[in-house]
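# Residue-level structure breakdown
Spelled out from the first residue to the last, the chains are:
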Amino acid sequence: MSKEETIQDADAVPPPEPSSEQTPSSEQAPAPEAAAETAPEAVAPARRPGSRGLRTAGLIAVAAVIGLVGGTAVGYGIQAEREPTPLPALNQPGLAYPAESLPKGQQPAPLPAAEDRQAKAQGDLRTLLLPMPAGAKKDEYATRDGWMSLSRFASGFERPDGALDQQLDLGVRRIASRSWTTGTYKQTDVRLVQYRADDVLGAQEYIEGQQLYMPDEDYADSEGKPLKGSTNGRYYVFPVQREAGYLDLYEARAYFHRGDIAVEIMVVDTKKISEKEIRSLAERQLERL
């Protein structure tokens, strides 16, 4: 084949047909006029729902804060412009004891020592003890001068060393005692145990401790009965103790306190002791304090 024929054949090759993906068909591509008719009109972008409500709520909140701050500032300003209110004087002469303001001769007389409990307690404690009844005899084992030492007092407990430590912790000050016998075997002991004024209520704690074990079987085996005229006093009648070869043993006790003085009364006998007897002793001792 000659060069010229080759060129002619190349010119005779038809160009490739356009692909359907690249060139839209007459059915898919609308005519310019039709496109103009079907194109939608330009629409403004829609607002987010609630945007106006959020903006309004924010403005109200800001206004409320500004109003609160402004009102507080105004209030402080008004208070600052007022005259300060004077405070009451530290000394209050009107609160003094009325006797100081009474005319001379109309002031009340001081309490007599018999009615002043504090004066009685600070005096001779032995004078507050119950006197021995008529016909009674002083117990041979009683204290000589009416004062009982702490060591002797503690020796009457099952554990004297523990009792001694307890009394020292409670702030024991002094002990007055009186003992007597009536009949053949009846013995009565009355003790006033006074404690120092301290942060520990020695008299109250001692009495409550004694009352705590009274309901035990080895002691009164009961709660006792309340003592009239006392907020915490109680008296007890023990069950009879019987043992072969010995006389029956009866016992009664009373425990109470008034102020810084603890009172314990103990009666033992070979005959039955009535509740009336121990109650009467306790009530009469209470009246003397």
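Everything below is about the structure printed above this text.
Attention in this report is confined to the structure presented alongside it. (Residues numbered from 1 in each chain as written. Predicted model: local features only at pLDDT ≥ 70, side-chain atom pairs only at ≥ 80, totals over all residues. Heavy atoms only, no water.)

### Examining the packing of helix α7 (residues 160–170) against helix α8 (residues 202–212)
Relative to each other, α7 and α8 sit at 145°, their axes nearing to 9 Å. Contact with α7, carried on its side by Gln 166, Gln 167 and Leu 170, involves Gly 202, Glu 205 and Tyr 206 of α8 and no other residues of that element. Grouping the constituent residues of the contact of α7 with α8 by class yields two nonpolar, three polar and one charged. (Axes fitted to C-alpha atoms, helices over the stretch in contact; angles between N-to-C directions. Helix = DSSP H or I, 4+ residues; strand = E, 2+ residues; numbered from the N terminus. Contact = heavy atoms within 4.5 Å. Nonpolar A, V, L, I, M, F, W, Y, C, P; charged D, E, K, R; others polar.)

### What about the nonpolar core?
Grouped together as the largest cluster of nonpolar side chains are 25 residues, with contacts concentrated most on Leu 192, Phe 256, Ile 261, Val 263, Ile 265, Ile 278 and Leu 289. Among residues more than four places away in sequence, those in contact with Leu 192 are Leu 125, Leu 128, Leu 129, Arg 174, Ile 175, Ala 176, Ile 261, Ala 262, Val 263, Gln 285 and Leu 289. In terms of nonpolar packing, the next biggest core, distinct from the first, is built from 16 residues, Ile 175, Ala 203, Tyr 255 and Ala 262 among them. (Core = buried A, V, L, I, M, F, W, Y, C linked by side-chain atoms within 4.5 Å. Buried < 20%, exposed > 50% of the residue type's maximum accessible area, 1.4 Å probe, protein only.)

### A short note on the sheet that holds strand β5 (residues 234–237)
Read across the open sheet, the seven strands follow the order β1-β2-β3-β7-β6-β5-β4; overall the sheet is antiparallel. Edge strands, defined here as strands with exactly one partner in the open sheet, are β1 (137–138) and β4 (225–226). Bridge count for strand β6 (residues 250–258) against strand β7 (residues 261–269) is nine bridges, and the pairing is antiparallel. Counted as the bridge partner of Ala 252 is Val 267 from β7. Sheet contacts for helix α9 (residues 275–287): β3 (186–195), β4, β5, β6 and β7; angle to β6, the most-contacted strand, approximately 25°. (Pairing = 2+ DSSP bridges.)

### Notes on the pattern of salt bridges
The final tally for this structure, using the stated rule, is seven salt bridges. Arg 126 is paired through a salt bridge with Asp 124; the nearest N and O atoms lie 3.1 Å apart. Using a relative accessible area of 32% as the deciding quantity, one classes Asp 124 as partly exposed. Salt-bridge contacts for Arg 242 lead to Asp 248; the nearest nitrogen and oxygen are separated by 3.3 Å. Its relative accessible area of 59% is what places Arg 242 among the exposed residues. (Salt bridge = Lys/Arg side-chain N within 4 Å of Asp/Glu carboxyl O.)

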